[in-house]
Amino acid sequence: MRLSQTLFGVDFQNPVLLAAGTCGFGEELQDTLDLDALGGIVTKSVTLEPRAGNPAPRLVEAGNAMLNSVGLANPGLERVCAEKLPWMKEHLSRIQVLLSVAGHTPEEYWRIVEGLESVGGFLGYELNLSCPNDTRLGGVPFALDPDALTRVVQGAQDLTDRPLLVKLAPNVPDIGPIAEAAEEAGANGITLVNTMPGLVIDIASGSATLGAGSGGLSGPALRAVGVHAVHRARAHTSIPLVGVGGVSAAEDAIQYLMAGASLVQIGTATFADPRTAQRVARDIARYGEKMGIEKIEDLIGTYQAEHRPVPVSEAR
Ligand code: RRO
């Protein structure tokens with residue numbers, strides 16, 4: 001099966017990317033996996049100023065999931081431009097790179113986009129509007145507030161011709177209208193979903209197991225939430241969708257593709273096995289060959305919602 005597709009005007013050699021926050025800026029993983037074998041990577045979110053991040057522990061197990069509160073640890077815009085982008089330009093030319101951007105105010109997002117824009121060497125942006133661990137000043141994440149989301153996206157869109165994706169949060173009653181707001185504001189793609197707010201308490205001490213208290217839940221437990229979010233967003237939008245949450249095998253990625261995602265991202269599973277993304281890409285191709293599917297596009301969006309009303313006689 002042909003895994004490559006043209007999206008956002010460029011070629012993705014396969015649909016598997018590494019998710020923001022799980023692969024640094026690529027350099028950190030260069031000795032552990034073959035970056036050239038990926039569809040692309042999304043960097044750790046970049047903020048205006050450097051961030052030291054939250055107190056340890058930053059990651060804990062939470063049943064069939066992981067809880068994190070990294071607290072946006074990153075070198076900040078200036079060092080990303082001076083140190084990270086030059087490395088990425090030189091070493092990641094075969095794969096697609098999205099820069100994840102985070103801020104407390106719309107103006108911070110815009111200043112970061114302006115700063116990165118002047119350096120270049122990457123495909124586009126993934127605006128992280130949904131970090132559960134560092135909400136905007138005095139409020140909820142932008143992704144929970146369609147008016148605030150619209151303002152950030154419209155302002156960023158005015159500053160760049162590069163593809164602009166937005167990353168949404170899972171903890172909303174219906175993500176469909178939020179995805180619609182993102183498309184109307186000018187987003188070129190939507191990534192669904194960020195981690196789910198969660199808390200693990202150590203009952204011996206009565207304290208949270210994470211240094212920062214609560215955090216964001218990821219891993220297998222998030223997969224059905226992410227697949228559902230993609231399905232709802234597909235019903236409300238026509239721009240490319242990127243599915244993320246709980247992918248560790250080709251079968252997981254294929255659910256996202258069937259729900260309507262054009263690309264998938266791997267996050268938590270990379271911590272257990274850094275080569276997960278390569279394996280998932282290879283196994284999607286094997287699945288396609290087994291099923292007689294010619295190209296990845298023939299798999300995308302093939303899921304049709306079923307309505308199975310309970311017959312009145314059974315409902316009684
Ligand atoms: O750095 C983090 O604590 C973090 C971020 Br920015 C995010 O978007 N999602 C997450 O689970 N953790």
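Everything below is about the structure printed above this text.
Residues numbered from 1 in each chain as written. Predicted model: local features only at pLDDT ≥ 70, side-chain atom pairs only at ≥ 80, totals over all residues. Heavy atoms only, no water.

A word on the overall build of the chain
As a reminder, the rule being used: Only DSSP runs of H or I covering at least 4 residues are called helices, and only runs of E covering at least 2 are called strands; the numbering of each starts at the N terminus. Remark: exposure states derive from per-residue accessible area (1.4 Å probe, protein chains only) relative to the maximum for the residue type, with buried under 20%, exposed over 50%, and partly exposed in between. Working rule for contacts: check all heavy atoms of both residues, and any pair within 4.5 Å makes them a contact. Only the protein chains shown count as covering a residue, and every accessible area follows the Shrake-Rupley method with a 1.4 Å probe. Under the convention used here, Asp and Glu are negative, Lys and Arg are positive, and both His and the chain ends fall outside the count. Lys charges are placed at NZ, Arg charges at CZ, Asp charges at CG and Glu charges at CD.
A tally of helices and strands in the chain yields 9 helices and 16 strands. Projected onto its principal axes, the C-alpha positions of the chain cover 65 × 50 × 40 Å. Counting every position in the chain, which comprises 316 residues, the buried fraction comes to 54%. For the chain, contacts bridging at least 24 residues in sequence account for 71% of all contacts bridging at least 6. Surface summary for the chain: the accessible area is close to 13,600 Å², and the carbon and sulfur share equals 50%. Counting 24 positive and 36 negative side-chain charges, the chain places the centres of these two groups 4 Å from one another.

Overview of the pairing of strand β14 (residues 215-218)
For clarity, the cut-off: A strand pair is defined by DSSP finding two or more bridges across the two strands.
Strand direction decides the pairing type here: strand β6 (residues 66-68) and β14, joined by 3 bridges, are antiparallel. The partner of Met66 across the bridge, within β14, is Ser218. When strand β11 (residues 196-198) meets β14, the two strands line up antiparallel, connected through 3 bridges. Across the sheet, Met196 pairs through a bridge with Leu217, a residue of β14.

Regarding the sheet that holds β11
Within a sheet, neighbouring strands are paired by backbone hydrogen bonds and run either parallel or antiparallel to one another. Rules: Orientation is described by lines fitted to C-alpha atoms, with helices fitted over the stretch in contact, and by angles between N-to-C directions that extend from 0 to 180 degrees.
A sheet is described by the order of its strands in space; here 4 strands give the open sequence β5-β6-β14-β11, paired in antiparallel fashion. With partners counted over all chains shown, the strands left at the sheet margins are β5 (59-61) and β11, one partner each. Direction aside, neighbouring strands of the sheet carry axes that sit 35 degrees apart on average.

Examining the layout of surface pockets
Applicable threshold: Every definition here rests on a 1 Å grid over the protein atoms only: cavities are sets of points where a 1.4 Å probe fits but cannot get out, pockets are open sets enclosed by protein on both sides within 12 Å along at least five of seven lines, and lining residues have some atom within 4 Å of a point. Grid points are joined across faces, edges and corners, and a volume is the space filled by probe spheres set on the points. Just so you know the grouping, Ala, Val, Leu, Ile, Met, Phe, Trp, Tyr, Cys and Pro go in nonpolar, Asp, Glu, Lys and Arg go in charged, and all remaining residues, Gly too, go in polar.
The calculated volume of the largest pocket comes to roughly 930 Å³. Lining the largest pocket are 50 residues, and of these Gly21, Thr22, Met66, Asn68 and Phe271 lie nearest its centre. For the lining of the largest pocket, the secondary structure elements donating two or more residues are β5, β6, β16 (263-266), α7 (268-272) and α8 (276-291). Looking at the lining of the largest pocket element by element, the count peaks at 4 residues for α7. Its residues assigned to classes, the lining of the largest pocket comprises 23 nonpolar, 20 polar and 7 charged.

Side note on the site of the ligand
To keep it simple, the criterion reads: Each residue is tested against the molecule or strand, and it is near if at least one of its non-hydrogen atoms lies within 4 Å. The term polar contact refers here to a pair of N or O atoms within 3.5 Å; inside protein, the definition further demands a hydrogen-donor-capable atom paired with an acceptor-capable atom, and it admits residues adjacent in sequence only when both atoms are side-chain atoms.
Neighbouring residues of the ligand: Lys44, Asn68, Ser69, Val70, Gly71, Leu72, Asn128, Cys131, Pro132, Asn133, Asn194 and Thr195. Note that an oxygen atom of the ligand is positioned 2.8 Å from one of the backbone N or O atoms of Gly71. At 2.9 Å, a side-chain N or O of Asn194 approaches a nitrogen atom of the ligand. Here the ligand loses 92% of its free accessible area of 310 Å² to cover by the protein chains.

Here we look at the state of the cysteines
The line we're drawing: Count a disulfide wherever a pair of cysteine sulfur atoms falls within 2.5 Å.
For the structure on display, the rule yields 0 disulfides. Just so you know, Cys23 is unpaired, no disulfide at all, and the nearest cysteine sulfur is the one on Cys131, 16 Å from it. Note on Cys131: relative accessible area 15%, which makes it buried.

Section: the packing of helix α5 (residues 223-236) against helix α6 (residues 250-259)
Put simply, the rule reads: For classification, angles of less than 35 degrees are called roughly parallel, those exceeding 145 degrees roughly antiparallel, those between 65 and 115 degrees roughly perpendicular, and all remaining angles oblique. What makes a crossing left-handed is the near helix being turned counterclockwise from the far one by less than a right angle; a clockwise turn instead makes it right-handed.
The N-to-C vectors of α5 and α6 enclose an angle of 20 degrees; their axes lie 8 Å apart at closest approach. When the interaxial angle is binned, α5 and α6 end up roughly parallel. As α5 packs across α6, the resulting crossing turns out to be right-handed. Note on element contacts: α6 touches α5 through Asp252, Gln255, Tyr256 and Ala259, opposite Arg223, Gly226, Val227, Val230, His231 and Arg234. Of the residues that constitute the contact of α5 with α6, the class distribution is 4 nonpolar, 3 polar and 3 charged.

Quick look at the pattern of salt bridges
Side chains that carry opposite charge are capable of pairing whenever their charged atoms lie near each other. What counts here: The salt bridge criterion pairs a side-chain nitrogen of Lys or Arg with a carboxyl oxygen of Asp or Glu, the two atoms within 4 Å.
Within the structure shown, the criterion is met by 10 salt bridges. Notably, a salt bridge pairs Lys84 with Glu28, separated by 3.7 Å at the nearest N-O pair. You can see Lys84 sitting in helix α1 (residues 76-91) and its partner Glu28 sitting in the loop between β3 (16-18) and β4 (40-42), a full 56 residues away along the chain. With a closest N to O distance of 3.2 Å, Arg151 and Glu107 form a salt bridge. Residue Arg151 is found in helix α3 (residues 146-157), and its partner Glu107 is found in helix α2 (residues 106-117); the two are separated by 44 residues along the sequence. Salt bridges sharing partners connect three or more residues here, namely Arg282, Asp283 and Arg286.

Regarding the packing of α1 against α2
Between α1 and α2, the least distance of the axes is 10 Å, while the angle of their chain directions is 25 degrees. Taken as axis vectors, α1 and α2 run roughly parallel relative to one another. α2 is crossed by α1, and the crossing has right-handed handedness. Residue-level inspection shows Leu77, Val80, Cys81 and Leu85 of α1 in contact with α2, the latter providing Arg111, Ile112, Gly115 and Leu116.

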